[in-house]
Amino acid sequence: MKTNIKSTASVFAGMATIVFLSVITDALLQQAGFYRAPGQGENNAAMLALALAYRSIYGVLGGYVTAITAPVNPMNHALILGLIGTAVSFIGVFVGWNLSGHWYPLALVISALPSVWLGARLKAGKQISGTW
């Protein structure tokens, strides 16, 4: 039972890291005038590319946080986080299809799992290679 709670908490910690940092960064960039507020037109490709870049970095960090807090099998916990991120991003494809360039929500789906996997690999201290 304790392991299940710790496992859930580790995945939640990684998710909270990603969401918190993404929301804060979005708000700061919107406040600075770099991003358009919702309802004020589409963001251009450069804005979306920046958002994809920092969200991918935050995904790596979230995978790392999940891996360091997982009670056992850190990679499995990070992969669960990545699958949740992929599912949420996939929902975002349908919800946000007309809110930005179509490539952006698809890129979020594609990058969710690899970014958290990389974070878990970095935690493991292993050389990144083609093996899991």
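Preceding this paragraph is the structure being described.
Rules used in this analysis
Per chain, residue numbering runs from 1 following the sequence as it is written. Only residues with pLDDT of at least 70 are given local features in this predicted model, and only at 80 or more are side-chain atom pairs given and counted; all residues enter the totals for whole chains, interfaces and linings. Think of the side-chain values as coming from all heavy atoms in the structure, minus any hydrogens and water. Secondary structure elements are taken from DSSP: a helix is a run of H or I of four residues or more, a strand is a run of E of two residues or more, and numbering for both begins at the N terminus. Only protein chains enter the accessibility calculation, which uses a 1.4 Å probe. A residue is then buried if its area is under 20% of the maximum for its type, exposed if over 50%, and partly exposed in between. Only heavy atoms matter for contacts: two residues are in contact if any of them lie within 4.5 Å across the pair. Computed with the Shrake-Rupley method and a 1.4 Å probe, the accessible areas treat only the protein chains shown as cover for residues. Working definition: a ring pair exists when centres of Phe, Tyr or Trp rings (six-membered ring for Trp) sit within 6.5 Å. Plane angles under 30 degrees give stacked, over 60 give edge-to-face, the rest tilted. Nonpolar side chains (Val, Leu, Ile, Met, Phe, Trp, Tyr) are joined into patches within 5 Å and like charges within 9 Å, using only residues with over 30% relative accessible area and no salt bridge. For salt bridges, the criterion is a side-chain nitrogen of Lys or Arg within 4 Å of an Asp or Glu carboxyl oxygen. Remark: nonpolar core denotes a set of buried residues (Ala, Val, Leu, Ile, Met, Phe, Trp, Tyr, Cys) joined through side-chain atoms within 4.5 Å. The span one expects for a helix is its residue count, reduced by one, times 1.5 Å. Throughout this description, a polar contact denotes any pair of N or O atoms lying within 3.5 Å of each other; where both atoms belong to protein, one of them has to be capable of donating a hydrogen while the other can accept it, and for residues adjacent in sequence the pair is counted only when both atoms sit in side chains.

Let's shift gears to the overall build of the chain. The number of helices and strands found in the chain is four helices and zero strands. Walking the chain from its N terminus toward its C terminus, one meets helices and strands in the order α-α-α-α. Classification of the 132 residues of the chain by burial places 36% in the buried group. Of the contacts made within the chain by residues no fewer than 6 positions apart, 66% connect residues no fewer than 24 positions apart. A total accessible area of about 7900 Å² is found for the chain, and carbon and sulfur atoms account for 71% of it.

Applying the stated criterion to the full structure yields three aromatic pairs. On the numbers, 5.6 Å between centres and 50 degrees between planes, the contact of Tyr54 with Tyr58 is tilted. Highlighted residues: Tyr54 and Tyr58, both in helix H2 (residues 45-69), separated by four residues, approximately one helical turn.

Let us now look at a nonpolar patch on the surface. A surface patch of nonpolar side chains, about 350 Å² in accessible area, is lined by Leu61, Tyr64, Ile68 and Leu122. Top element by residues in the nonpolar patch is H2. It accounts for three residues. Within the fold, Leu61 resides in helix H2.

Right, let's talk about the side chain of Thr17 for a bit. Counting through the fold element by element, Thr17 comes out in helix H1 (residues 2-31). On the basis of relative accessible area, Thr17 is assigned to the buried category, the value being 18%. When residues no more than four places from it in sequence are discounted, the contact partners of Thr17 are Leu61, Gly62 and Val65.

With that out of the way, let us pick up the nonpolar core. Soluble globular proteins: nonpolar side chains tend toward being buried together. Core analysis: the biggest nonpolar cluster contains ten residues, these being Tyr35, Met47, Leu48, Ala51, Leu52, Tyr54, Tyr58, Tyr104, Ala107 and Leu108. Secondary structure elements with two or more residues in this core: H2 and helix H4 (103-124). It is H2 that contributes the most residues to this core, six residues altogether. With residues near it in sequence (within four places) discarded, Tyr54 still touches Ser22, Thr25, Asp26, Leu29 and Tyr35.

Looking now at H2. Given 3.6 residues per helical turn, the α-helix brings residues three or four places apart onto the same face. With 25 residues, H2 should reach 36 Å at 1.5 Å per residue; the first-to-last C-alpha distance of 36 Å fits that figure. At the N-terminal boundary of H2, the capping side chain belongs to Asn44, with an oxygen 3.0 Å from the backbone nitrogen of Ala46.

Let's shift gears to helix H3 (residues 74-95). The first and last C-alpha atoms of H3 sit 31 Å apart over 22 residues, in line with the 32 Å expected at 1.5 Å per residue. Within H3 the residues assigned to the buried category are Met75, His77, Ala78, Leu79, Leu81, Gly82, Ser89 and Val93.

So, on to the environment of Arg55. Examined against the element boundaries, Arg55 turns out to sit in helix H2. The class of Arg55 is partly exposed, set by a relative accessible area of 22%. Each C-alpha atom of the pair Arg55 and Leu108 lies 8.3 Å from the other, and the pair is 53 residues apart in sequence. If we skip the residues at most four places from it in the chain, Arg55 touches Ser22, Asp26, Tyr104 and Leu108. Only 2.4 Å separates the side chain of Arg55 from the side chain of Asp26, close enough to count as a polar contact.

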